[in-house]
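# An overview of the molecular structure
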Amino acid sequence: MSFLRRRRGSGPPKSSTASSSSEATSSLNELDKEREEAEKRKQRVERERKEQVKKAKKWTCVDSCCWFVGLICSIWWFLLFLYNAMPALPQYVAEVITGPMPDPPGVKLQKEGLKVKHPVVFVPGIVTGGLELWEGHHCAEVLFRKRLWGGTFGEIYKRPLCWVEHMSLDNVTGLDPPGIRVRPVSGLVAADYFAPGYFVWAVLIANLARIGYEEKTMYMAAYDWRISFQNTEVRDQTLSRIKSNIELMVATNGGNKVVVIPHSMGVLYFLHFMKWVEAPAPMGGGGGSNWCAKHIKAVMNIGGPFLGVPKAVSGLFSAEAKDIAVARTMAPAVLSKDVFGLQALLHVMRMTRTWDTTMSMIPKGGDTIWGDLDWSPEDGYDCSVKKQKNNDTQKDAENEKGGVALLKKHVHYGRIISFGKDVAEMHSSKIERVDFRGAIKGNNLANTTCRDVWTEYHDMGVGGIKAVADYKAYTAGSILDLLHYVAPKMMKRGDAHFSYGIADNLDDPKYNHHKYWSNPLETKLPNAPKMEIFSLYGVGIPTERAYVYELNSGTDCYIPFQIATSANGGHEDSCLKGGVYCSDGDETVPVLSAGYMCAKGWRGKTRFNPSGIRTYIREYDHAPPANLLEGRGTQSGAHVDIMGNFALIEDIIRVAAGATGDDLGGDQAYSDIFKWSEKIKLKL
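Residues numbered from 1 in each chain as written. Predicted model: local features only at pLDDT ≥ 70, side-chain atom pairs only at ≥ 80, totals over all residues. Heavy atoms only, no water.

Helix and strand content of the chain: 26 helices and 19 strands. Per-residue burial over the chain gives 52% buried out of 684 residues. (Helix = DSSP H or I, 4+ residues; strand = E, 2+ residues; numbered from the N terminus. Buried < 20%, exposed > 50% of the residue type's maximum accessible area, 1.4 Å probe, protein only.)

Before going further, it helps to examine the sheet that holds strand β8 (residues 258-262). The parallel open sheet is built from six strands, whose spatial order is β7-β1-β8-β9-β14-β19. Looking along the sheet, the strands with just one partner apiece sit at the ends: β7 (218-220) and β19 (614-621). In this sheet, adjacent strand axes meet at a mean angle of 15° when their direction is disregarded. Relative to β7, strand β1 (residues 120-123) is paired through three bridges, and the arrangement is parallel. Residue V121 lies in a different strand from β7, and its bridge partner there is Y219. Strands β1, β7 and β8 of the sheet are contacted by helix α10 (residues 238-251), whose axis makes an angle of about 175° with β7. Against the sheet, helix α11 (residues 265-278) contacts β1, β8 and β9 (296-302), and its axis sits at roughly 150° relative to β9. (Pairing = 2+ DSSP bridges. Axes fitted to C-alpha atoms, helices over the stretch in contact; angles between N-to-C directions. Contact = heavy atoms within 4.5 Å.)

So, about the sheet that holds strand β3 (residues 147-149). Spatial strand order, β3-β2-β4: three strands in an open sheet with antiparallel pairing. Sheet topology places β3 and β4 (181-184) at the edges, where each strand pairs with a single neighbour. In this sheet, neighbouring strand axes are inclined to one another by 45° on average, regardless of whether the strands run parallel or antiparallel. Strand direction decides the pairing type here: strand β2 (residues 131-135) and β3, joined by two bridges, are antiparallel. From the neighbouring strand, E132 faces β3, where its bridge partner is R147. Along the sheet, helix α7 (residues 160-167) contacts β2, β3 and β4; its crossing angle with β3, the most-contacted strand, is approximately 80°.

Quick look at the pattern of salt bridges now. Counted according to the given criterion, the structure contains 25 salt bridges. The shortest N-O distance in the salt bridge between D481 and R437 comes to 2.9 Å. A residue pair is termed long-range when its members are at least 10 positions apart, and D481 in helix α21 (residues 476-486) and R437 in the loop between α19 (421-425) and α20 (462-470) qualify at 44 residues. R437 gets classed as partly exposed once you look at its relative accessible area, which sits at 37%. In this structure, the salt-bridge partner of D641 is R632, at a minimum N-O distance of 2.7 Å. Take D641 and R632: they sit in the same class, and that class is buried. Each of the salt bridges in this network shares a partner with another, and the network as a whole consists of D176, R183, D224, R226, R235 and D236. (Salt bridge = Lys/Arg side-chain N within 4 Å of Asp/Glu carboxyl O.)

Confidence in the prediction for the chain averages 84 pLDDT; 78% of positions are at 70 or higher. A low-confidence stretch, residues 84-92 (pLDDT under 50), is modelled with two contacts involving residues beyond four sequence positions or located in other chains. Here residues 387-407 is a poorly scored stretch, pLDDT under 50, and it has 30 contacts once near neighbours within four places are set aside; other chains count. (pLDDT = per-residue confidence, 0-100.)

For the rest of this paragraph, the subject is the state of the cysteines. With the rule as written, the count across this model stands at two disulfides. Residue C139 pairs covalently with C162 via a disulfide, S to S 2.1 Å. Between C139 and C162 the sulfur-sulfur dihedral comes to about 80°; the bridge is accordingly right-handed. Of this pair, C139 sits in the loop between β2 and β3 while C162 sits in helix α7, placing them 23 residues apart in sequence. Note on C162: relative accessible area 8%, which makes it buried. C383 provides the cysteine sulfur closest to C582, a residue in no disulfide bond, and the two sulfurs are 7.4 Å apart. (Disulfide = S-S within 2.5 Å.)

Here we come to the packing of aromatic side chains. What the rule picks out here adds up to 28 aromatic pairs. Taken together, a centroid distance of 5.1 Å and an interplanar angle of 80° make the contact between F436 and Y471 edge-to-face. Within this pair, whereas F436 is found in the loop between α19 and α20, its partner Y471 is found in the loop between α20 and β13 (473-474), the two being separated by 35 residues in sequence. When its relative accessible area of 1% is taken as the criterion, F436 is described as buried. Relative to Y616, the ring of F534 lies with its centre 5.1 Å away and its plane at 20°, an arrangement referred to as stacked. (Phe/Tyr/Trp six-rings, centres within 6.5 Å; stacked < 30°, edge-to-face > 60°.)

We now examine the side chain of S499. Along the chain, the position of S499 falls in the loop between α22 (488-495) and β14 (532-539). The residues contacting S499, other than those within four sequence positions of it, are K364, K515, Y516, N519 and E522.

This part covers helix α23 (residues 591-601). Burial runs high along α23: 11 of the 11 residues are buried. Inspection of α23 places V591, L592, S593, A594, G595, Y596, M597, C598, A599, K600 and G601 among the buried residues, and these make up the whole buried set. Turning to α23, the residues buried within the fold contact α18 (366-370), β14, β15 (541-551), β18 (580-585), β19 and α26 (673-679).

A separate point is helix α9 (residues 229-236). By the criterion of burial, α9 is predominantly enclosed, with seven of the eight residues buried. Taken as a whole, α9 has its buried residues at F229, Q230, N231, T232, E233, R235 and D236. Considering only its buried residues, α9 is in contact with β4, α10 and α11. Downstream of α9 by a residue or two, Q237 has a phi angle that is positive, lying close to 55°.

Now for the packing of α21 against α22. Between α21 and α22, whose axes approach to 5 Å, the crossing angle comes to 125°. If you check the angle between α21 and α22, you find them oblique. On α22, the residues touching L480, L483, H484, Y485 and V486 of α21 are P488, M491 and D495. Tallied by class, residues from the contact of α21 with α22 come to six nonpolar, one polar and one charged. (Parallel < 35°, antiparallel > 145°, perpendicular 65-115°, else oblique. Nonpolar A, V, L, I, M, F, W, Y, C, P; charged D, E, K, R; others polar.)

Let us look at the environment of I680. With respect to the helices and strands, the residue I680 is situated in the segment after α26. Measuring from C-alpha to C-alpha, the distance between I680 and S376 comes to 8.7 Å, with 304 residues separating the pair along the chain.

Contact geometry for α9 and α10: axes closest at 6 Å, N-to-C directions at 85°. What the angle tells us is that α9 and α10 run roughly perpendicular. Contacts from F229, Q230, T232, E233 and D236 of α9 reach α10 at T238, L239, S240 and R241.

Residues F273, F317, I417, V468 and V486 are the most contacted members of the largest nonpolar core, which totals 134 residues. Looking at this core element by element, the count peaks at 10 residues for α11. Ignoring any residue separated from it by four or fewer positions in sequence, one finds V468 in contact with F317, F419, F436, M460, Y474, L482, Y485, V486 and F561. Counting 38 residues, the second-largest nonpolar core is a separate cluster that includes Y213, Y616, M643 and V655. (Core = buried A, V, L, I, M, F, W, Y, C linked by side-chain atoms within 4.5 Å.)

Counting buried residues along β8, five of its five residues qualify, which places the element largely inside the surrounding structure. What you see with β8 is no split at all: V258, V260 and P262 on one side and V259 and I261 on the other are buried throughout. Relative to β8, β1 runs parallel, the two being bridged by four bridges. Note on β8: the bridge partner recorded for V123 is P262. Summarising the sheet, β8 and β9 pair through three bridges and their orientation is parallel. Looking at the pairing, V260 lines up with V299 of β9.

As structure tokens, this is what we get:
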């Protein structure tokens, strides 16, 4: 054992050099691997960074839409929060700032002893009624019974393309696309507020409540304002529901007839209803020729586009109007494909061209009503600072500036669309026109990148676009041919539901068809001699009447025509500003459209009003709010803001409480509506 211990102890030791060398080699290999892995990680991080930068540079339609709409909504909500967070000023403090504050109409009339008498029916206009989702695709599965239209509009910037998809209708039928059901909100909340803080019917409802009105004596005739008037009955039985509710309100309120208050496009909708309810089934409601006489005391139309609006033409033709054109000029990055790829106007056109009701407001009556290339009823209108007028007709005072009379150019309002300012101004004999009707449209401009925002312009070629521009000027008569040329599929649907002419013989059986019922020039008023019809609207605000257009220089997915915002009249008081010719009106509906039927077309016994229903014009001269405490103003004549006009609300409440048009003082006119009406040569 000792020997073995000695052998072990005396044996040669392990080489420390070899061990160290092996460890060093292993360490070097590990370091090399770590360096390689670090280099790979670095390269991977660099690639990811470059991809992120590339993605950040590629600004998509969704990103742009989310950013822009989110910014606007955030600003709106922040201002609304500040407004609501401010403590209410005591009345005496507010009166120190603004002067004595008048009582709201409801309070004033309550003090006079007025009480609820006639039930009232509200008929909202286009876009002001709420719409909610009942069935949708996967992207909208969390939105059941939530508002897609109205309220906060939160879904626009959360999922904009999904929202557009669900707000659009079928291009062929004009009804629901497969797998989607969007329906109108019911009740007074359907249209009391359009968005938080932005009232529509709320102020009128609150003032009616002051004299005793409540839900059993007020009814909001909500309907899907996107689909054609007759289709609201086909799909939702809305017209039947309105008929039943009016009958119930009359029966449960001592037999007192209803006062109907339509606003904007709701005026045309109720005009359609009055013909539908009397017409025999199945096309009509089967109420008989005396139904309106038995159930309706008065129809008080607010801002009614009886004869259409030029703004509908620009909306259908290029998805823009004055405000959109200005926004496009000031912020092309928001609306232009060339900068962000947003394609906002294309998406707007894609969606709104599926809404059949937009075609209900195309100007009616052709050149007879709206004028031709050289004449219009508004010839001589002064676009300078608003004139103060009383109810009597006054001669226009000569407008002088610095002691020198301005030489005003004749405005050709009859040319609703002119390609170029020079075309808009020159005499018709100098315009060289090439007829576009039947022109070959040329090569198809559509490509795969445009399919998600398809419009009928993508089926037009360069030849078709040139043909449209070469016609130079379009009047109300040729506008229909223009729209049929550039949007044949849309107008095919429209032709099935609307008409825009003037009837030669109203006894012709063809006028029993529902397509004529919303055109006051192709239908008769009901046989209800004791009923009254009012036209209530604002005046004194520049209102779109005609447009100067130019070709759009876009090269990819684009709308080929746009308002020429650089076209101006040359001086402050010009009627032409930003490519838009304005006349008198409420900012949306020209006086001519809102007033003619009650001023002349229906005045007395005419072929359009055989029973002699009394008609009244009640104009409200626009006055902007004096200060911020007035909000949108109590004397506003603007198309929607007029719903808070104290004088208008007082007129409505008085009639609802039993007054007649004569009790209100008869006609109240500040514009030249009676003079312009006399210029229209229409067989009555």
